[in-house]
Amino acid sequence: MGAAVRAFLGLGSNLGDRLGALQSAVDLLAAVPGVRVVRSSRVYETEPVGPRQPDYLNAVVEVATVLSPRELLDACLEVERRLGRVRRERWGPRTIDVDVLTYGDREVDEPGLEVPHPRMHERGFVLAPLLELAADPMLPGGRRVATLRPGPGSLRGIRPFAPPLPAPAGRPGGGPGILGAMDVAVIGAGRVGIALAVLLARAGHHIVAVSGGDATRDRAERFLPGVPVTEAGDAARRADLVLLGVPDAAIAEAARAVAGAVRPGAWVAHLSGAQGLEPLRAAEDAGARILALHPLQTFPTVEAALDRMAGSAVAVTARDEEGSALGERIARDLGGRPFRMPEEDRALYHAGAVLASNDLIALMALAGDVLSAAGIDDALHAFLPLARASLENAAEMGPASALTGPVVRGDAATVERNLRALSERAPNAVAAYAVLARAAAALAAGAGRLDDAGREAVEEVLDRWAPP
């Protein structure tokens, strides 16, 4: 293995938690074997290039690497994949962008890889943070970055936004829970617990033991070979971090089970969305530090969890800043995008998650029943393309702009025909149709897409068929 090469990578994000995405990219890069994150520029907010879209956050990161240019590019693409990057249009919005800007003084021109980056001299959002590092790397032919001529207007619309992104070794806090690899035990190692253990192991943490029911041993042998399966207290005794992957009603009991064994100062976390920190009180009273982590994702199988975790939001609730920082680091190690959720808002947050996931499934089942009553075979697969397109439109345009159908048009006659047909052939769907139609009317009116007369006409029909 040769000497490390100094390289510079450009980071950008303009969707979701932009700053969190940049920090997640730094953390994931730091976990790549053969890559050491040296430092980061400040984070800049910049106006987009290309189609109309939100403003970007951009930064440049210096790394020392023994990877080849192609291997470094592959590592960058894997970071993008883990953070949910989807390429839909050239220069379009993205959750994360990780570009290889320079690689020592090498010049590379290969399919899919051109170094130095061919357009960096046209992009102020690259040049400003790169020059801020006082790096001025040598480019092929003896040129330096400082000699590049920025394109017309390329420095306009570039604003400092945040301090430099810390590398993992420089994150706030102390102890192995924040600065380095942790010994992790999973109690209640079902689908979610096993999947998160696998992801944490991939990020460099040590899974020291798992504990659970009869199916746990089979899952552990398949996904965590060599990891001991033991009782809860023994597993907790070995760990810096104890993850409780048990059902909501069993969290308090699990916390009591590990309270007498957990190391003083170790962390105990549960994975529930609805519960806050109170069910962990027994572990806290025994000297543990506590937090709650909830991936905002659905995991029907271990394989699905491993595939879907990348880029998923993760709610973090903790007692203090150190706990919040640790929760955010764990979330990023899982490939997720952390956000802080206050204890008092956790139940409301979970209600929103239920509407977005569980109730959506119930609505799809109800729609399938209605289409089946209309004589459509394999109703689910008949409407899935429509459902998928609607979700994609909402993600790209926002719910108010993506809304279509008779309500947003103020077409009260069609709404009445729908309700009459439902009352005759699928009466169990009348109430749900009316509730959702009222919500659609409020959404459309709030966005200025449905006038008062149209809303009144629609709601008059709804009141006749399903009084509020």
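The structure under discussion appears in the preceding block.
Residues numbered from 1 in each chain as written. Predicted model: local features only at pLDDT ≥ 70, side-chain atom pairs only at ≥ 80, totals over all residues. Heavy atoms only, no water.

S.K.: Explanation requested: the overall build of the protein chain in the structure shown.
M.R.: Along its length, the protein chain carries 19 helices and 15 strands. Scored against the burial criterion, the 468 residues of the protein chain give a buried share of 47%. Summed over its atoms, the accessible surface of the protein chain is roughly 22000 Å², and 54% of this surface lies on carbon and sulfur atoms. (Helix = DSSP H or I, 4+ residues; strand = E, 2+ residues; numbered from the N terminus. Buried < 20%, exposed > 50% of the residue type's maximum accessible area, 1.4 Å probe, protein only. Areas by Shrake-Rupley, 256 points an atom, 1.4 Å probe, with all protein chains shown as cover.)

S.K.: Could you clarify how one ought to interpret the pairing of strand β15 (residues 337–340) in this entry?
M.R.: Remark: a regular strand shows side chains that alternate across the two faces of the sheet. Pairing analysis gives 4 bridges linking strand β14 (residues 313–318) to β15, with the strands arranged parallel. Looking at β15, one finds that V314 is bridged to P338. Regarding topology, helix α11 (residues 321–333) serves as the crossover connection from β14 to the parallel β15, and that connection is right-handed. (Pairing = 2+ DSSP bridges. Right-handed = clockwise from strand over helix to strand, strands pointing away.)

S.K.: Would you explain the packing of helix α1 (residues 18–30) against helix α2 (residues 69–82) in this entry?
M.R.: For any two helices packed against each other, the geometry is given by the interaxial angle and the distance between the axes. Axis separation between α1 and α2 bottoms out at 10 Å; the angle between their running directions is 130°. The angle between the axes of α1 and α2 places the two elements in the oblique class. Taken as a pair, α1 and α2 cross one another with a handedness that is right-handed. Only C76, V79 and R82 of α2 make contact with α1, whose side of the interface consists of A25, L28 and L29. Its residues placed into classes, the contact of α1 with α2 shows 5 nonpolar, no polar and 1 charged. (Axes fitted to C-alpha atoms, helices over the stretch in contact; angles between N-to-C directions. Parallel < 35°, antiparallel > 145°, perpendicular 65-115°, else oblique. Left-handed = near helix turned anticlockwise from the far one by under 90°. Contact = heavy atoms within 4.5 Å. Nonpolar A, V, L, I, M, F, W, Y, C, P; charged D, E, K, R; others polar.)

S.K.: Please explain the pattern of salt bridges as it appears in this structure.
M.R.: Pairs may arise between side chains of opposite charge once their charged atoms sit close together. Under the defined criterion, the tally for this structure stands at 25 salt bridges. A salt bridge links E45 to R18; its shortest N-O distance comes to 3.0 Å. In this pair, E45 is assigned in strand β3 (residues 43–46) and R18 in helix α1, connecting sequence segments 27 residues apart. Residue E45 is classed as buried on the basis of its relative accessible area, which comes to 17%. Judged by its relative accessible area of 18%, R18 is buried. Note that E278 and R281 form a salt bridge whose closest N and O atoms lie 3.0 Å from each other. The partly exposed category is assigned to E278, whose relative accessible area is 46%. In this structure, a network of salt bridges that share partners links the residues R18, E45, D55 and R159. (Salt bridge = Lys/Arg side-chain N within 4 Å of Asp/Glu carboxyl O.)

S.K.: What is the right way to read the environment of A413 from this model?
M.R.: Note on placement: A413 falls in helix α17 (residues 412–425). Assessed through its relative accessible area of 43%, A413 is described here as partly exposed. Note: C-alpha distance between A413 and A457 (44 residues apart in sequence) is 8.9 Å.

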